[in-house]
Amino acid sequence: MTDDRPAWARRIAAERMARDWSQRQAVRALRAHAPTELPAEDSMIRQWKRWESGQMPNDFYQPIIAALFGTVTHALFPAPSRRDGNKEILAASGMETLEIVSRLNRSDVDNATLDALRITADRLASEYPFMPSEQLLIEGRQWLRRVVELHSKSLTLAQHREVLALSGWLALLVGCVEYDTGDRHAAESTRQAALSLATEADHAEVAGWAHEMRAWFALTTGDYRGVIAAAQAGAETARHHGVAVQLAAQEAKAWARIGDRRQVEVALDKGRRLLEGMPYPENLDNHFVVDPAKFDFYAMDCYRLVGEDKLARALAEEVLRTGTDFDGTERSPMRNAEARVTLGVTAAREGDLEQALIMGERALEGDRQSVPSLIMTSRELAAEMRRRYGSEPAAQDYLARLQSLAEQKPGFMPR
């Protein structure tokens, strides 16, 4: 029989069962997260049954349920639909690319041109998950060069700061794509340039993302103490911006790899509280926007590492659900790849080699990949394969393919 309950109702039930809770135990745990006294237990159990059957909780209960399961409200419950980013630049500015470029050649720059450039930078950042990396790198560098050249124009002080900030955002994007493709040295140089631009513009958010990139680079190369240092420096710089959530997540990932479960929970809870208190993002597609669903992706990585396989699997399935359109098109191919690695790891630990291989192979298939991140997570599946199935030919084939992928990107060899 098909389960026609809303996705959030199915998830509530799955999260409860992943923790081996009865509905009564779930209600008792819920009380610990409630800001005020809840109704009697039997009444709450009936309420819980209604939620799991598909009756939407009201605004009072939604954040409490989200906190119970270590996530945020809009990651669990439906949020406003996304805007149509494809037509945004023309609708908002009335300008197409050719006109923007022609305006850039003038001796001075008006605010409409800066608005169009801001929207262009947002569009490029929104195409990060699925545009081929080579194409995005070319476009990103072209627009960065155009914006940087504006410094020679006649600008007001406010416009000068805006151009510096736009240059910083584009540099961040270019640096991310450079790192995805394995060009570590170029990526680090670009990251430092973005941080310098942010410092000159006094732009805390761009500076925070530059620190986040440093944390990401350190994470994928095994420098876990470096991750924590970068995350804490970035949080100090941009504590009131969304990047602080991702910095907390990077810190949690580092603690998970160090093996400190308590610090993992502290960092995740810090990020969850920050995200819960922030307004819902306008553009969820922008790579430099921390959308609520991404928090589940962070937690998935941590739970896989600390051996909470049921929780990691439940979150991986949620990541795949939210990252895939109804027609099967993948909105978040890089997140989906890591979710499949997680499902592969949990399957391997449960003795299901066939499923582990299916998931591991599918994770390597996507056209749009962050090779360092994919190799980092795939190391864990490789370790499980070697430990449990080292003599199996199918496992050896997978390990050979992963080794080949790593050899294409020096410096990211699986350990």
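Residues numbered from 1 in each chain as written. Predicted model: local features only at pLDDT ≥ 70, side-chain atom pairs only at ≥ 80, totals over all residues. Heavy atoms only, no water.

Draft legend 1. Broad picture of the overall build of the chain. Per the secondary structure count, the chain includes 21 helices and zero strands. Its C-alpha atoms put the chain at 70 × 55 × 40 Å along the principal axes. Burial statistics for the chain: of 415 residues in total, 53% are counted as buried. Put simply, the chain shows about 18,600 Å² of open surface, and 49% of that area lies on carbon and sulfur atoms. For the chain, the separation between the mean place of its 53 positive charges and that of its 61 negative charges on side chains is 4 Å. (Helix = DSSP H or I, 4+ residues; strand = E, 2+ residues; numbered from the N terminus. Buried < 20%, exposed > 50% of the residue type's maximum accessible area, 1.4 Å probe, protein only. Areas by Shrake-Rupley, 256 points an atom, 1.4 Å probe, with all protein chains shown as cover. Lys, Arg positive; Asp, Glu negative; His and termini not counted. Charge placed at Lys NZ, Arg CZ, Asp CG, Glu CD.)

Draft legend 2. Seen up close, the state of the cysteines. Summed over all chains, the structure comprises zero disulfides. No disulfide involves Cys176; its sulfur sits 19 Å from the nearest other cysteine sulfur, which is in Cys302. (Disulfide = S-S within 2.5 Å.)

Draft legend 3. Broad picture of the packing of helix α8 (residues 111–126) against helix α10 (residues 157–180). Where α8 contacts α10, the two axes come as close as 10 Å, and the packing angle between them is 15°. When the axis of α8 is compared with that of α10, the two are roughly parallel. Between α8 and α10 lies a crossing whose hand is left-handed. From α8, Asn111, Leu114, Leu117, Arg118, Ala121, Leu124 and Ala125 reach across to α10, where they touch Gln159, Glu162, Val163, Leu166, Leu170 and Leu173. Here the contact of α8 with α10 is built from residues that sort into nine nonpolar, two polar and two charged. (Axes fitted to C-alpha atoms, helices over the stretch in contact; angles between N-to-C directions. Parallel < 35°, antiparallel > 145°, perpendicular 65-115°, else oblique. Left-handed = near helix turned anticlockwise from the far one by under 90°. Contact = heavy atoms within 4.5 Å. Nonpolar A, V, L, I, M, F, W, Y, C, P; charged D, E, K, R; others polar.)

Draft legend 4. Region of the structure containing the side chain of Arg304. Along the polypeptide, Arg304 turns up in helix α16 (residues 292–305). Excluding residues within four positions of it along the chain, Arg304 makes contact with Arg257, Ala312, Glu338, Thr342, Val345, Arg349, Thr377 and Glu380.

Draft legend 5. Quick look at the nonpolar core. If you look at the biggest cluster of nonpolar residues, it comprises 80 residues, and the most contacted ones within it are Tyr128, Leu172 and Phe288. With 11 residues, α10 is the single largest residue contributor to this core. If we skip the residues at most four places from it in the chain, Leu172 touches Ala194, Val206, Trp209, Ala210, Met213 and Phe288. Among the nonpolar cores identified, the runner-up in size contains 22 residues, and Leu357, Ala382, Met385 and Tyr389 belong to it. (Core = buried A, V, L, I, M, F, W, Y, C linked by side-chain atoms within 4.5 Å.)

Draft legend 6. Summary view of helix α14 (residues 243–258). Taking 1.5 Å as the rise per residue, α14 with 16 residues should run 22 Å; its terminal C-alpha atoms sit 23 Å apart, in good agreement. In terms of burial, α14 is largely enclosed, as 15 of its 16 residues are buried. Once α14 finishes, Gly259 follows within two positions and takes phi at roughly 105°, a positive value. (Expected span 1.5 Å × (residues − 1).)

Draft legend 7. Expanded view of unusual backbone geometry. Residues other than glycine seldom take positive phi values, yet Asp20 does so here, at roughly 60°. Structurally, Asp20 is set in the loop between α1 (7–18) and α2 (23–31). Residue classification places Asp20 among the exposed positions, given a relative accessible area of 53%. For Asp202, which is not a glycine, the phi torsion comes out positive at approximately 55°. Take Asp202: it is sitting in the loop between α11 (184–201) and α12 (204–220).

Draft legend 8. Summary view of the pattern of salt bridges. Summed over the entire model, instances satisfying the criterion amount to 36 salt bridges. The residue Glu41 makes a salt bridge to Arg24 at a minimum N-O spacing of 2.4 Å. With a gap of 17 residues between them, Glu41 in helix α3 (residues 41–53) and Arg24 in helix α2 connect regions that are remote in the sequence. According to the relative accessible area criterion, Glu41 is partly exposed, its value standing at 21%. (Salt bridge = Lys/Arg side-chain N within 4 Å of Asp/Glu carboxyl O.)

Draft legend 9. Broad picture of the packing of α16 against helix α18 (residues 333–349). At a minimum axis separation of 11 Å, α16 and α18 run at an interaxial angle of 30°. Taken together, α16 and α18 sit at an angle that is classed as roughly parallel. Considering the relative orientation of α16 and α18, their crossing is left-handed. Here Ala293, Lys294, Phe297, Met300 and Arg304 of α16 lie close against α18, whose contacting residues are Arg335, Glu338, Ala339, Thr342, Val345 and Arg349. Split by residue class, the contact of α16 with α18 holds five nonpolar, one polar and five charged.

Draft legend 10. A look at the environment of Glu178. Residue position: Glu178 is located in helix α10. For Glu178, a relative accessible area of 4% corresponds to the buried category. Separated by 95 residues in sequence, Glu178 and Arg273 have C-alpha atoms that sit 32 Å apart.

Draft legend 11. Representation of the packing of aromatic side chains in the model. Going through the model one piece at a time under the given rule, you end up with 13 aromatic pairs. Their ring planes at 80° and their centres at 5.0 Å tell us that Phe60 and Tyr61 sit as a pair that is edge-to-face. Classification of Phe60 as partly exposed rests on a relative accessible area of 35%. Judged by its relative accessible area of 9%, Tyr61 falls in the buried class. Relative to Trp216, the ring of Tyr179 lies with its centre 5.1 Å away and its plane at 70°, an arrangement referred to as edge-to-face. Within this pair, whereas Tyr179 is found in helix α10, its partner Trp216 is found in helix α12, the two being separated by 37 residues in sequence. Note on Tyr179: relative accessible area 1%, which makes it buried. (Phe/Tyr/Trp six-rings, centres within 6.5 Å; stacked < 30°, edge-to-face > 60°.)

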